[in-house]
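# Observations on the model geometry
This is what each chain is made of:
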Number of protein chains: 2
Amino acid sequence: MQTEQIKDAITCFPCLAEITEEDWKENGISVVTLPANHIIHEGEFLESAALIMHGTVRMYKLGENGREVTLYRIHDGGCCPLMASSILGETAYEANVCIEKPTKVLFVPARIFQRWMGTYMSFRQFIFKSFAERLIIMSNLIDNMVFKSIRIRICEYLLERTTEGDNSLTITHDHLAIELGTAREVISRTLKAMEKEGLIHLSRGQITNIQREQLLELVE
Amino acid sequence: MQTEQIKDAITCFPCLAEITEEDWKENGISVVTLPANHIIHEGEFLESAALIMHGTVRMYKLGENGREVTLYRIHDGGCCPLMASSILGETAYEANVCIEKPTKVLFVPARIFQRWMGTYMSFRQFIFKSFAERLIIMSNLIDNMVFKSIRIRICEYLLERTTEGDNSLTITHDHLAIELGTAREVISRTLKAMEKEGLIHLSRGQITNIQREQLLELVE
DNA sequence: CGCTGTTCTGTAACTTGATCACATAACAGT
DNA sequence: ACTGTTATGTGATCAAGTTACAGAACAGCG
C-alpha cells in the first residue's frame, strides 16, 4: 500500500486513522477498482474482507425461476457484513453480489482483518455497527414483505428515490420488481392502475409526474 | 457475581473462560431467570447485552393486523445480535422478543460488554460469529419466503422438527402460521390437503404419522 | 431511411396465498 | 352437563405470482 492510497482509504474510513504504518505495510492489503456489472456468485469463498471506498454493490438472492430479491446495497464508506461473516465464520457467504457502478474496494485479508478487529477499537466498533445496521435493514425488509401490499411498497420506493424538486425516476418495471422481490407483471399492473388514478405518469424506462403528497398520504 | 454463577456461565459460554476475576466483579453483571411468556416489545431500549445460558427466546415481527413472523430463536449458549446491536448502535432494537421457556440469562451492561469485546479475543469472535450466523439465517428466511411455496415450507418445517424415530409433532395451526409468517387459514387448508394425500394425519394440536420420506421427495 | 434484433411494457387467464366471516369441534373447569 | 375458551374447517373474495403471449419503443446498421 502506498502512502497515497492509505490517505485515500482513511478519508473513506475515518475509523482506519489509528492504524499504524507497519500494519498498513502488511502483505495482501490492496485497493482495487472493480468494473461495473461484475458479479460474484453465491457459494464462492472470500479470503479478504471488502471495504467499499467508492461505488455501489448490491447483495441479492436468486430464485431458480430467475426472479431476484435485493437484500441491500453497500455504498461509499460501508462494508458488507455478509462478506465479512464469510471470513469470520469460515462459511461461504450465501448471497450474490453485483457491482453496480465501477467500485473502489479496500481488500483486507481475513487474518489481518481479525487482528485489526482486536487491536483497534474504532475499527472494531465500525464493523460492529455495520453488522447491526444490516441486521436491522434485513429484519425491516422481512417486515415489509410480509405485512405490506406491493402498492404501498412501490409508493415507499418512489418516495425514497425522489424529492420535492425532482418528482421523476428513471427505472424499468423489471428493475423495480427485482428491488421489491416480486414479478415484473405485478409491477406493471400496479403502476398502470396508479397511472389511471393520476398518481404517476408512465413512459418507457421512466416514471414521471410522481404525486409525492398523495403517495405520502397512502403510506401514512 | 458469585463464584458458582461464574462457573455456570463459563460452562454455557466457553468463550468467557479467559475473563479475569476482577472483570467478573464489575457492577451490573447478573444472572437472571426470566419466566416463560414474558414479552419485550419493539422499541424498548436495552442497557445490557443478554447471553442466553439456558432456555429459548424468540425474535419476531408484528403486523398491525395481528399477524406475526418469527425471525429466529436463540437457544442455550447463544446471544441475540439484534439485542446486542441495540447496545452497540445505540438504537432501539426493532423486533419483539418472547421468552418461550423459563430462561436463564447472563446480563452484561453495555459498557462492560464493549470493553470485553476489546480485551478478549475469544469473546469477540463468539459475538461476531453470532452476528454472522443470524445474518445468514435471516437472508435464508427471505429467500424461503420469496421463492418457496407454503406447502414446501411446511414440509421443511415438519422435517426439521421430527426424526426417523418420532414422526409426530405437537403444534397448533395457529402456531405454525406464526412460524412461517402466514395466516392460520392457509395452514389449515394446506395441511388438510396434505392429509387427504396421506402425507400426514391431523388431530387437535397435533400432526402425526408424518411420512418423512415422501416429504423429503417433495422438498428434493 | 427502412429493416432487424433487443428491450420494455400491456394484458388475459389461471394458480396460489391472504383476508373476512362464520360454523363446528374439542377441551378445561366448575 | 353447562360454559367459556381454544382449535379447526370452509366458502367467498381479493391480492399477488405465473404463464403465455402481443405489441411498442428503441438501437444499430445497411
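For the structure, see preceding data.
First things first, this report covers the structure right here in the doc. Only a predicted model underlies this, so the values are computations on that prediction, with no experimental measurement involved.

The next thing to look at is the nonpolar core. Among the nonpolar cores identified, the biggest contains 107 residues, and Leu16(A) and Leu16(B) are the most heavily contacted of them. Counting residues in each nonpolar core, the second largest holds 20 residues, with Leu169(B), Leu180(B), Leu215(B) and Val219(B) among its members.

As a further point, take the sheet that holds strand β4 (residues 57-62) of chain A. The strands making up a sheet associate through hydrogen bonds between their backbones, and the pairing can be parallel or antiparallel. Residue and element names in this part refer to chain A. Strand order in the open sheet formed by 4 strands is β2-β7-β4-β5, with antiparallel pairing between adjacent strands. Where the open sheet ends on each side, the last strands, each with one partner, are β2 (39-40) and β5 (68-74). Examined bridge by bridge, β2 and strand β7 (residues 96-99) share 2 bridges and lie antiparallel to one another. Looking at β7, one finds that Ile39 is bridged to Cys98. Strands in contact with helix α7 (residues 173-180) are β4 and β5; relative to β5, the strand with the most contacts, it is inclined by about 80 degrees.

Across the sheet, which stays open at both edges, the 4 strands sit in the order β2-β7-β4-β5 (chain B) with antiparallel pairing between neighbours. What marks the edges here is a single partner per strand, and that holds for β2 (39-40) and β5 (68-74) of chain B.

A few words on the pattern of salt bridges. Considering all chains together, one arrives at 30 salt bridges over all chains under this definition. With a shortest N-O distance of 3.4 Å, Arg58(A) and Glu100(A) are connected by a salt bridge. Pair noted here: Arg58(A) is in strand β4 and Glu100(A) is in the loop between β7 and β8 (103-109), with a separation of 42 residues, a long-range link. Taking the shortest distance from any N to any O, the salt bridge between Glu21(B) and Lys25(B) comes out at 3.4 Å. Linking Glu21(B) with Lys25(B), this pair stays in helix α2 (residues 21-25), spanning 4 residues, or about one helical turn. The exposure classification of Glu21(B) matches that of Lys25(B), with both residues exposed.

This brings us to the interface of chain A and chain B. Facing 39 residues of chain A, the contacting portion of chain B comprises 39 residues. Both sides together, the interface formed by chain A and chain B hides about 3500 Å², and carbon and sulfur atoms give 74% of it. On inspection of chain A and its partner chain B, the count reaches 0 salt bridges. Here chain A is connected to chain B by 6 residue pairs in polar contact (both at pLDDT 80 or more). Mapped by element, the contributors of at least two residues to the side of chain A that touches chain B are β4, β5, α3 (81-88), α4 (110-119) and α5 (121-147) of chain A. The greatest single-element share of the side of chain A that touches chain B, amounting to 19 residues, is contributed by α5(A). The class makeup of the residues in the side of chain A that touches chain B is 19 nonpolar, 11 polar and 9 charged.

By nearness alone, 17 residues border DNA strand D, and Arg67(A), Thr182(A), Glu185(A), Arg184(B) and Lys192(B) come closest of all. Of all DNA strand D atoms lying within 4 Å of any protein atom, the proportion belonging to sugar or phosphate reaches 55%. One nitrogen or oxygen atom from the side chain of Arg67(A) is found 2.7 Å from a phosphate oxygen belonging to DNA strand D. Gly205(B) places a polar main-chain atom, nitrogen or oxygen, 2.8 Å from a phosphate oxygen of DNA strand D. At the level of elements, α8 (184-196) of chain A together with α8 (184-196) of chain B are the ones that each hand at least two residues to the surface near DNA strand D. Looking at the surface near DNA strand D, the element that brings in the most residues is α8(B), giving 4 residues. In terms of residue class, the surface near DNA strand D is made up of 2 nonpolar, 6 polar and 9 charged.

Turning to the packing of aromatic side chains, a few remarks are in order. Going through the model one piece at a time under the given rule, you end up with 14 aromatic pairs over all chains. Summarising the aromatic geometry, the rings of Phe131(A) and Phe128(B) are spaced 5.2 Å apart at their centres and angled 85 degrees between planes, so their arrangement reads as edge-to-face. Linking Phe131(A) in helix α5 with Phe128(B) in helix α5 (residues 121-147), this pair reaches from one chain into another. As far as burial versus exposure is concerned, Phe131(A) and Phe128(B) are alike and both buried. Ring plane angle 80 degrees and centroid distance 5.5 Å describe the contact between Phe113(B) and Phe123(B), whose orientation is recorded as edge-to-face. Of this pair, Phe113(B) sits in helix α4 (residues 110-119) while Phe123(B) sits in helix α5, and the two are 10 residues apart along the sequence.

Another aspect to go through is the packing of α4(B) against α5(B). All names here are of chain B. Relative to each other, α4 and α5 sit at 110 degrees, their axes nearing to 6 Å. As summarised for this structure, α4 and α5 are arranged roughly perpendicular, according to the angle between their axes. From α4, Phe113, Trp116, Met117, Gly118 and Thr119 reach across to α5, where they touch Met121, Phe123, Arg124 and Ile127.

Reading the values: the criteria
- Residues numbered from 1 in each chain as written.
- Chains lettered and ligands numbered in written order.
- Predicted model: local features only at pLDDT ≥ 70, side-chain atom pairs only at ≥ 80, totals over all residues.
- Heavy atoms only, no water.
- Core = buried A, V, L, I, M, F, W, Y, C linked by side-chain atoms within 4.5 Å.
- Buried < 20%, exposed > 50% of the residue type's maximum accessible area, 1.4 Å probe, protein only.
- Pairing = 2+ DSSP bridges.
- Helix = DSSP H or I, 4+ residues; strand = E, 2+ residues; numbered from the N terminus.
- Contact = heavy atoms within 4.5 Å.
- Axes fitted to C-alpha atoms, helices over the stretch in contact; angles between N-to-C directions.
- Salt bridge = Lys/Arg side-chain N within 4 Å of Asp/Glu carboxyl O.
- Buried area = accessible area lost by both parts, 1.4 Å probe.
- Polar contact = N/O pair within 3.5 Å; in protein donor to acceptor, adjacent residues only side chain to side chain.
- Nonpolar A, V, L, I, M, F, W, Y, C, P; charged D, E, K, R; others polar.
- Near = heavy atom within 4 Å.
- Phe/Tyr/Trp six-rings, centres within 6.5 Å; stacked < 30°, edge-to-face > 60°.
- Parallel < 35°, antiparallel > 145°, perpendicular 65-115°, else oblique.

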